[in-house]
Amino acid sequence: MAAKPTACLALADGTVFYGMGFGAPGEVVAELVFNTAMTGYQEIMTDPSYASQIVTFTFPHIGNTGVTPEDDEAPDPVASGIVVRWDPTEPSNWRSTSELTDWMARRGRIGIGGVDTRRLTRAIRQQGAPHVVLAHDPDGNFDIEAMIARARDWQGLVGLDLARGVSCAQSYRWDQGSWEWGAGFGTAPGDKPFKVVALDYGAKRNILRSLVAHGADVTVLPATATAEEVMAHEPEGVFLSNGPGDPAATGEYAVPMIKDLLGRDMPIFGICLGHQMLALALGAKTVKMGHGHHGANHPVRDVETGKVEITSMNHGFAVDSQSLPVGVIETHVSLFDGSNCGIRMQDKPVFSVQHHPEASPGPQDSLYLFKRFTDSMRARRA
């Protein structure tokens, strides 16, 4: 006799998927996306860019390496929940300190296993990222009509500023560098690091580590920081971080600050939402994508060199390349759909990318961007 389902995923169009629940019991409404990465599920769940999203993993074996605090990109998971093909198994990895299911239960995150993720992924690709409700009840009791109604009533991500909710509450200094085998996390090389202010729209820890590893002394400020608060730290460069939500909504307070910084002739580097924020400040526009880019196998071409980089991506909005003003050059494009993945100013050391150079699917195809940032500060210092 088949076990009674203990979890349910209800889409706004009325489609319902049943499975076995794990993690915390409860119910959550969010946007459903799929991620094609074969590793890094813990980093994905703790990436603040996944706020108000549920992640469907196309790779079936999720949880088999457990979890470890070293892999957290934020203090707690931010993704609302996960959908997997096979129920998570007991982990087998020397770095594991806990099982994924226990970790999710402690952190209040819902999971559903035993779902036909191929069918779900095809639906997302064809129809766009749907609004859904995910519920986990150990007794298997679900009000399906109410769940579908809640999914239909949810406003979605368009017009939603989520960066403010995942940003730090106050400024802090970050001095931890990249992780190395047998040594753990390092520190900044050299005796005179570059003073960098990082605007936290939902910054991943590995981005901050990569800045430190390339010679930066990083001070992190909240997303709502003003240009005056940034300049009070006397930075040699400014970094605009990744983050969740609609860039146009976050831009209501972030774009005026960035415009002010653009007039001060200093190096600026942006990633993901930071890329979109910079584009908006330069006069471009952003658009909502159908199902977005989420994965660790995304080919991106450097327009200026012809080099193709295998990158990690996580975004549901994109910069409209047709809206780039004169003096702003498109530097990178996606080979999946031709969408914009990078820009730079023609006459200033200001640039940004949509993909994540700190992630390592390539494994280091895009790390040169951090060196480009520190080189621009070095040139300005000289």
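Numbering of residues starts from 1 in each chain and follows the order in which that chain's sequence is written. Whole-chain, interface and lining totals are the exception, using all residues; otherwise, since this is a predicted model, local features are given only for residues with pLDDT of at least 70 and side-chain atom pairs are given and counted only at 80 or more. With hydrogens and water set aside, each side-chain value is computed from the structure's full complement of heavy atoms.

- Looking at an unreviewed UniProt entry, one finds the chain named Carbamoyl phosphate synthase small chain, with Paracoccus haeundaensis as its source organism.
- UniProt positions are given in the numbering used here, feature names are shortened, and annotations may be inferred rather than shown by experiment. The Sequence similarities (unreviewed entry) field of the UniProt record for the chain holds the comment "Belongs to the CarA family."
- Regarding the chain, the UniProt comment filed under Subunit (unreviewed entry) reads as follows: "Composed of two chains; the small (or glutamine) chain promotes the hydrolysis of glutamine to ammonia, which is used by the large (or ammonia) chain to synthesize carbamoyl phosphate. Tetramer of heterodimers (alpha,beta)4."

1. Concerning the environment of proline 69
Move 1: Positionally, proline 69 belongs in the loop between β4 (53-57) and β5 (81-83).
Move 2: It is 19 Å that separates the C-alpha atoms of proline 69 and serine 360, two residues lying 291 residues apart in sequence.
Move 3: Two residues qualify as a contact provided that any one of their heavy atoms is within 4.5 Å of a heavy atom in the partner residue. Here proline 69 is in contact with Gln42 and Thr97, once residues within four sequence places are set aside. Secondary structure elements are defined from DSSP: runs of H or I of at least 4 residues count as helices, runs of E of at least 2 residues count as strands, and each element is numbered from the N terminus.

2. With respect to the UniProt feature "binding site: L-glutamine" (unreviewed entry) in the chain
Move 1: Under the UniProt annotation, the feature "binding site: L-glutamine" (unreviewed entry) is placed at Ser49, Gly243, Gly245, Leu273, Gln276, Asn314, Gly316 and Phe317. A maximum C-alpha distance of 13.0 Å among these annotated residues, which run over 269 residues, shows that they cluster at one spot.
Move 2: Here the term buried applies to any residue with accessible area under 20% of the maximum for its type, exposed to any over 50%, and partly exposed to those in between, with areas from a 1.4 Å probe on protein chains only. You can call glycine 243 buried: its relative accessible area is 8%.
Move 3: Among the secondary structure elements, leucine 273 is positioned in helix α9 (residues 273-282).
Move 4: In this view, leucine 273 contacts Ala163, Tyr201, Ser241, Asn242, Gly243, Pro244, Pro247 and Thr250; residues no more than four positions away in its chain are not counted.

3. A word on the sheet that holds strand β6 (residues 110-113)
Move 1: On the basis of which strands lie adjacent, the closed barrel formed by seven strands has the order β1-β2-β6-β5-β4-β3-β7 and mixed pairing. Here the average twist between neighbouring strands, direction ignored, is 35°.
Move 2: Two strands qualify as a pair provided that DSSP identifies no fewer than 2 bridges between them. Pairing geometry for β4 and β5, over three bridges, is parallel. Across the sheet, the residue bridging to valine 55 is isoleucine 82, located in β5.
Move 3: As a rule, the C-alpha atoms of each element are fitted with a line to give its axis, helices using only the stretch in contact, and angles between N-to-C directions run from 0 to 180 degrees. Docked against the sheet, helix α4 (residues 144-153) engages β1 (7-11), β2 (16-23), β3 (26-35) and β7 (131-136), running at close to 45° with respect to β1.

4. Regarding the pattern of salt bridges
Move 1: A pairing counts as a salt bridge when a side-chain nitrogen of Lys or Arg comes within 4 Å of a carboxyl oxygen of Asp or Glu. Within the structure shown, the criterion is met by 14 salt bridges.
Move 2: Aspartate 375 serves as the salt-bridge partner of lysine 371, at 2.8 Å between the closest nitrogen and oxygen. Of the two residues, lysine 371 and aspartate 375 both sit in helix α10 (residues 368-381), four residues apart, roughly one turn of that helix.
Move 3: Note on lysine 371: relative accessible area 47%, which makes it partly exposed.

5. Overview of the side chain of threonine 6
Move 1: Here threonine 6 is to be found in the segment before β1.
Move 2: Look at threonine 6 and you get buried, because its relative accessible area is 13%.
Move 3: When near neighbours in sequence (up to four residues on either side) are disregarded, threonine 6 contacts Gly19, Met20, Gly21, Ala135, His136, Asp137, Pro138, Gly140 and Phe142.

6. Here's the deal with the domain arrangement of the chain
Move 1: Note: domain ranges come from an automatic or database domain assignment. Each assigned domain of the chain is listed here: domain 1 (7-153) and domain 2 (163-381).
Move 2: Here the C-alpha centroids of domain 1 and domain 2 sit 28 Å apart.
Move 3: The interface of domain 1 with domain 2 comprises 23 residues on the first partner and 23 residues on the second.
Move 4: For any pair of parts, buried area is found by adding up, for both, the accessible area (1.4 Å probe) each one loses once the two are put together. Roughly 1,800 Å² of surface becomes buried between domain 1 and domain 2 when both sides are summed, with 49% attributable to carbon and sulfur atoms.
Move 5: Applying the counting criterion to the domain 1 and domain 2 interface returns one salt bridge.
Move 6: Whenever two N or O atoms come within 3.5 Å, that pair is a polar contact, provided that in protein one can donate a hydrogen and the other can accept it, and provided that, for residues adjacent in sequence, both atoms are side-chain atoms. For the pair domain 1 and domain 2, the number of links is 11 residue pairs in polar contact (both at pLDDT 80 or more).
Move 7: Mapped by element, the contributors of at least two residues to the side of domain 1 that touches domain 2 are β3 and α3 (117-127).

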